[in-house]
Amino acid sequence: MKFGISVSNVGNLGQSVGVQGCIEIGEAADALGYHSVWMGDHVVLPAQIGYDEAHTDRRGATRWQYPVYEPVTLLSALAVRTKHVILNQGVLIIPLRHPVVLAKMLAAVDHLSNGRLALGAGLGWMEEEFTALNLPPGYFPRRGAVTNEYLRAVKELWTSSGPSSFHGEFVSFENVGAYPKPLQQPHPPIVIGGHSRAAMRRAVRIGQGFDCTGDTIEELTERIAEFRRICLAEGRDPEEIEISKNWLLNASGAHGMRFQLNGRRDGERQLCSGTPDEIVSDLRRFAKAGVRHFMTLPRVEGREPAFERIMRGIQLMADEILPAFA
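The rules behind each value
- All residue numbers here refer to positions counted from 1 along the written sequence of the relevant chain.
- Local features in a predicted model are, by the rule used here, given only for residues with pLDDT of at least 70; side-chain atom pairs are given and counted only at 80 or more, and totals for whole chains, interfaces and linings are based on all residues.
- To obtain the side-chain values, all non-hydrogen atoms of the structure were used and water was disregarded.
- Note on classification: 1.4 Å probe, protein chains only; a residue is buried when its accessible area is under 20% of the maximum for its type, exposed when over 50%, partly exposed between these limits.
- Put simply, DSSP H or I for four residues or longer makes a helix, DSSP E for two residues or longer makes a strand, and each gets a number counted from the N terminus.
- Each pair of strands is called paired provided DSSP finds at least two bridges between the two strands.
- Note on contacts: a residue pair qualifies if any of its non-hydrogen atoms lie within 4.5 Å across the two residues.
- Under this scheme, a helix contributes an axis fitted over its contacting stretch, all axes are lines through C-alpha atoms, and angles between N-to-C directions fall in the 0 to 180 degree range.
- We define the nonpolar core as a collection of buried residues of types Ala, Val, Leu, Ile, Met, Phe, Trp, Tyr and Cys that are connected through side-chain atoms lying within 4.5 Å of one another.
- For this analysis, a salt bridge means a side-chain nitrogen from Lys or Arg found within 4 Å of a carboxyl oxygen belonging to Asp or Glu.

Peer 1: Describe the pairing of strand β2 (residues 36–39), naming the residues involved and giving the relevant values.
Peer 2: Side-chain positions along a regular strand alternate between the two faces of the sheet. Every second residue of β2 is oriented toward a common face, with S36 and W38 on one face and V37 and M39 on the other, all of them buried. Strand direction decides the pairing type here: β2 and strand β3 (residues 86–89), joined by four bridges, are parallel. By the bridge assignment, V37 is partnered in β3 with L87.

Peer 1: Quick rundown of the sheet that holds strand β5 (residues 119–122)? Include the residues and the values.
Peer 2: Ordered in space as β3-β2-β1-β14-β10-β9-β8-β5-β4, the nine strands form an open sheet in which the pairing is parallel. At either margin of the open sheet sits one strand with a lone partner, and together these are β3 and β4 (92–93). Bridge analysis of β4 against β5 gives two bridges, and the strand direction is parallel. Note that in β5 the partner of I93 across the bridge is G122. Packing of helix α7 (residues 197–206) onto the sheet brings it into contact with β8 (190–194) and β9 (209–212), and relative to β8 it is tilted by some 170°.

Peer 1: Please provide a residue-by-residue account of the nonpolar core, values included.
Peer 2: Grouped together as the largest cluster of nonpolar side chains are 81 residues, with contacts concentrated most on Y34, F210, F227, L283 and F286. By residue number, the principal contributor to this core is helix α6 (residues 143–159), which donates seven residues. Setting aside residues up to four positions removed in sequence, L283 forms contacts with M1, F3, C272, F294, I321 and F325.

Peer 1: Got a sec to walk through the pattern of salt bridges? Specific residues and values, please.
Peer 2: What the rule picks out here adds up to 12 salt bridges. Salt-bridge contacts for R97 lead to D41; the nearest nitrogen and oxygen are separated by 2.8 Å. Of this pair, R97 sits in the loop between β4 and α4 (99–112) while D41 sits in the loop between β2 and α2 (58–61), and the two are 56 residues apart along the sequence. Relative accessible area serves as the criterion here: at 6%, D41 is assigned to the buried category. The salt bridge partner of E226 is R229, with a shortest N-O separation of 2.6 Å. Residue E226 and its partner R229 are both found in helix α8 (residues 217–233); the two are separated by three residues, about one turn of the helix. A single network of salt bridges, built from pairs that share partners, joins D41, E70 and R97.

Next comes the structure, spelled out in structure tokens:
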């Protein structure tokens, strides 16, 4: 199993580490042998937002005052401050950025990082964000179709050997150059995020990775099994597509734990919390379910500032957990 550090979880701690802290977290991951660093994406956060039982994490989005750094910009800084880690987004909200501009920005990051960029792609779920950017009214309800078309346009700009042309419902351009192309050929890997059958089909048809969601290992196992069935139905080898999982932190459950990756309940003990041996056992369950790339933001208990607990968690995980999966 590969392991990544999800810098996007920093805001969930309720205490900002600052942009320099985010960079130092990425540098630590790079130095300690982690495979990747992931950045989340929100352009704006409304002061109030509705949520439903399908998106209980929307409660976190009401924290409008938390800094959420623009991921492509921050990954550009990490590209020149790191040497080994893959730079990804978990996930970039594709409809929020014009595909011509997005293709250009990401190609620059791929060059800055010497070919270490991946594109983590998602639809977005917060309608208020689409409204704030004055996107056409039909974009949010049809964001799946918008995302599919935008990704095809990005791939055209990345891979065309001559002037690029694209004619779609949501974006069109004719005979334009978008150089330089990405350093990686034919293009940086695309990792599709989501859990719906539409997201699974999107990953099968255009992705090299699938960032699967699920609140329990049992739910995750069922979704990965369904994804593999879709792969076979579409004529795609499931082993060609790397399954990843971002297991989010829950700050309220941290105290009293020696080491915690997550605050979700699993019987009497919270899943991915406790001693390193207990967490290794939990991670083996993720691997058995089919997860090949596990992202988190580890931290240890204590009363130190959030940044210090994160850095100690990254070190402890590197020392006592990563070797079990080497």
